[in-house]
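Remarks on the overall topology
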Amino acid sequence: MEKFLASLRELEEAGQAAIRSATAPEDLEQARIEFLGRKAQLTRLLRSVGELPQDQRRSAGAEANRVKKQLLELAEARAAELTAVAGAPVADIDPTLPGRVRWRGARHPCTLVTDEICGIFKELGFSRARGPEAETTWYNFTALNTSLDHPAADEQDTFYLGDDTLLRTHTSPVQARVMERSQPPVRIVVPGFVFRRDPFDASHAPAFEQIEGLAVDEGISFVDFKASISYFVHRFFGPDAAIRFRPSFFPFTEPSAEVDVSCAICAGAGCSTCKGTGWLEIMGAGMVDPAVFENVGYDPERYTGFAFGMGVGRIAMLRYQIPDIRLLYDGDIRFLQQFEDA
Ligand code: 2NL
C-alpha cells in the first residue's frame, strides 16, 4: 500500500507538470497518452488494485481514481486554454494600433555602386563576368605582363595560399580567362573582391571590391578609350564633371593613365576631400599592352583594346560621403540601415 501510494503521488506530480507545460495541442495529446492512455502507468496501477490486501483495495482504488479524474480535468482545462490562444477572437485585436516597425533590408552601398557602374557600361555594350577569388600566379601576374619579382607579387603584399596559388590582387585574371576562351570582340566589366596585405585603416582594407573593364576588337583606338571613360564619368558624376587623364604606369597597359574627376564637394576649388587639389582620382586605365594579348593567344598585330580598374569602396565613399572605408566592411546595422531607400 505504501509503495502504491508513493507511485501514485509521483505520477500525479509528473502528470500535472507535463500537462501544464504543454504549449501546443500535440504536446498535450502526448501527455494525455503518457499519463492517461491505455498503456499508462496510472492505468496499470488502477488495474493492480485487485492485488492489494482486501481491506486496502477500496481506499487505494478511490485515491487512484481521484488522481485520474484530476489529471483528466487538468488536461481538459489546458486544451481549452490552448485553443483560446490559437483562435483568439478577432474582436480582441485593435486594428487601429500602428504596426510594428520593421527594417525592410537594404543593399550594401558597394552593391549599389557596382550595379550602377555595370548598368552604365551595359549601355556601351559591356556584359558582366565573374571568376575565382583563388587564382594561380599565371593568371594573376604572369599573363598580365607582371613578373613574379614585381613588388605587387611580393609575399609582403599578397596572400599566398601555396607556392603557385594566391588570393587574387585584382580582378584582371578574370579578363585573361575570358580572352583565353573567347574571340574578340570582347566587352566585359568584372566586379568582385580582391585581396592585398594592407592594414585595415581609414583608406585601406585587406579585402575590398573592385570593378575592372576590358574592351578588345579590331581598330579600338585611344579615342575610343577616352570617349568611353568620359561617357561613364558623365553618366555617373553628372554632365558638369570635369575629367583629367594623367600619364601613369601599369605593367598590363601601354600607355597608361590615371583618371581624375573634378571634386563635386568644392567644385574644383580645393577642400579636405580632394586634399586641396580640386581633383579626385577614380580609376587607373590604359590601352592593353600587346604582351597581354600574346599571353592569352590573341594576335597583337590584329587587335587593340582598352582596360580600366577602380575601387568600388572609394567610389561609394565619394557618392555617399562616407569618411572611413572601414564603415563599409564593419557590418554595423546602424550604418547599413541608412541605405534602405537608396
Ligand atoms: C587600378 C588600376 C587597372 C587594368 C586595371 C587590365 C586588365 C587586363 C589587361 C589590361 Cl586583362 N589591363 N586592367 C588596366 C589598368 C588599370 O586598374 O587602379 N585599379 C584599382
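Nothing here was measured: the structure is a model prediction, and the numbers come from that model.

About the cut-offs
Residues numbered from 1 in each chain as written. Predicted model: local features only at pLDDT ≥ 70, side-chain atom pairs only at ≥ 80, totals over all residues. Heavy atoms only, no water. Salt bridge = Lys/Arg side-chain N within 4 Å of Asp/Glu carboxyl O. Helix = DSSP H or I, 4+ residues; strand = E, 2+ residues; numbered from the N terminus. Near = heavy atom within 4 Å. Polar contact = N/O pair within 3.5 Å; in protein donor to acceptor, adjacent residues only side chain to side chain. Areas by Shrake-Rupley, 256 points an atom, 1.4 Å probe, with all protein chains shown as cover. Nonpolar A, V, L, I, M, F, W, Y, C, P; charged D, E, K, R; others polar. Buried < 20%, exposed > 50% of the residue type's maximum accessible area, 1.4 Å probe, protein only. Contact = heavy atoms within 4.5 Å. Core = buried A, V, L, I, M, F, W, Y, C linked by side-chain atoms within 4.5 Å. Pairing = 2+ DSSP bridges. Axes fitted to C-alpha atoms, helices over the stretch in contact; angles between N-to-C directions. Parallel < 35°, antiparallel > 145°, perpendicular 65-115°, else oblique. Patch = residues over 30% accessible without salt bridge, like charges linked within 9 Å, V, L, I, M, F, W, Y side chains within 5 Å. Lys, Arg positive; Asp, Glu negative; His and termini not counted. Charge placed at Lys NZ, Arg CZ, Asp CG, Glu CD.

Some words on the pattern of salt bridges
Counting across every chain of the model gives 15 salt bridges. Between Arg66 and Glu63 there is a salt bridge, and its shortest N-O distance comes to 3.1 Å. Linking Arg66 with Glu63, this pair stays in helix H4 (residues 54–86), spanning three residues, or about one helical turn. In this structure, the salt-bridge partner of Asp324 is Arg326, at a minimum N-O distance of 2.8 Å. Overlapping salt bridges, with partners in common, bring together Arg244, Arg246, Asp260 and Glu281 in one network.

Remarks on the site of the ligand
In the vicinity of the ligand there are 15 residues, among which Gln175, Gln210, Glu212, Gly284 and Ala307 approach most closely. One of the backbone nitrogen or oxygen atoms of Gly309 is found 3.4 Å away from a nitrogen atom of the ligand. Coverage of the ligand by the protein amounts to 90% of the 480 Å² it exposes when considered alone. A per-element tally of the shell around the ligand places strand E9 (residues 304–311) first, with four residues. Its residues assigned to classes, the shell around the ligand shows eight nonpolar, six polar and one charged.

Considering helix H10 (residues 312–320)
Those residues of H10 that fall on the buried side of the exposure criterion are Val312, Gly313, Ile315, Ala316 and Met317. Those residues of H10 that are buried are in contact with helix H5 (109–123), strand E5 (207–217), helix H8 (222–237), strand E8 (279–288), E9 and helix H11 (326–329).

A short note on the nonpolar core
Within soluble globular proteins, side chains that are nonpolar tend to cluster in buried spots. By size, the foremost hydrophobic cluster in this structure holds 41 residues, and its most contacted members are Ile117, Phe121, Phe232, Met283, Phe306, Phe308 and Met310. When contributions to this core are tallied by element, the ones reaching two or more residues are H5, E5, H8, strand E7 (253–262), E8, E9, H10 and helix H12 (333–336). Considering every element that reaches this core, the biggest residue donor is H5, with seven residues. Residues contacting Met310, with those up to four places away along its chain left out, are Ile117, Phe121, Glu209, Gln210, Ile211, Phe232, Ile282, Met283 and Ile315.

Considering the sheet that holds E5
On the basis of which strands lie adjacent, the open sheet formed by seven strands has the order E1-E4-E5-E9-E8-E7-E6 and mixed pairing. Because the sheet does not close on itself, it has two edges, and the strands there are strand E1 (127–128) and strand E6 (243–250). Strand direction decides the pairing type here: E5 and E9, joined by eight bridges, are antiparallel. Directly across from Leu214, in E9, lies its bridge partner Ala307. Strand contacts of H8: E6, E7, E8 and E9, with the helix running at about 150° to E8, the strand carrying the most contacts. Those strands touched by H10 are E5, E8 and E9, and its axis lies near 60° from that of E9.

A few points about the packing of H5 against H10
Packing of H5 against H10 leaves a shortest axis separation of 9 Å and a crossing angle of 100°. Taken together, H5 and H10 sit at an angle that is classed as roughly perpendicular. Touching Pro109, Cys110, Leu112, Val113, Thr114, Glu116 and Ile117 of H5 are Val312, Gly313, Ile315, Ala316, Arg319 and Tyr320, all from H10. Here the contact of H5 with H10 is built from residues that sort into nine nonpolar, two polar and two charged.

Some thoughts on the environment of Val233
Of note, Val233 is situated in helix H8. Measuring from C-alpha to C-alpha, the distance between Val233 and Asp260 comes to 9.5 Å, with 27 residues separating the pair along the chain.

Some points on the environment of Ala134
Within the secondary structure, Ala134 is located in strand E2 (residues 134–136). In this structure Ala134 comes out as partly exposed when scored by relative accessible area, which is 44%. Apart from residues no more than four positions distant in its own chain, Ala134 is found in contact with Leu161 and Leu166.

Focus on a positive patch on the surface
Taken together, the side chains of Arg38, Lys39, Arg44 and Arg47 make up a positively charged region of the molecular surface. Summarising the element assignment, Arg38 is placed in the loop between helix H2 (25–36) and helix H3 (41–47).

Topic: the pairing of E5
For E5, the tally of buried residues reaches nine of eleven residues, placing the bulk of the element in the interior. In this structure, strand E4 (residues 186–195) lies alongside E5, joined through ten bridges in antiparallel fashion. Across the sheet, residue Arg187 finds its bridge partner in E5, namely Ala215.

Section: unusual backbone geometry
In this model, Pro184 is joined to Pro185 through a cis peptide bond whose omega is 0°. Following Glu254, the chain continues into Pro255 via a peptide bond in cis, with omega recorded as 0°. With a phi close to 65°, Asn145 is a non-glycine residue in the positive phi region. Topologically, Asn145 is positioned in the loop between helix H6 (137–140) and strand E3 (165–167).

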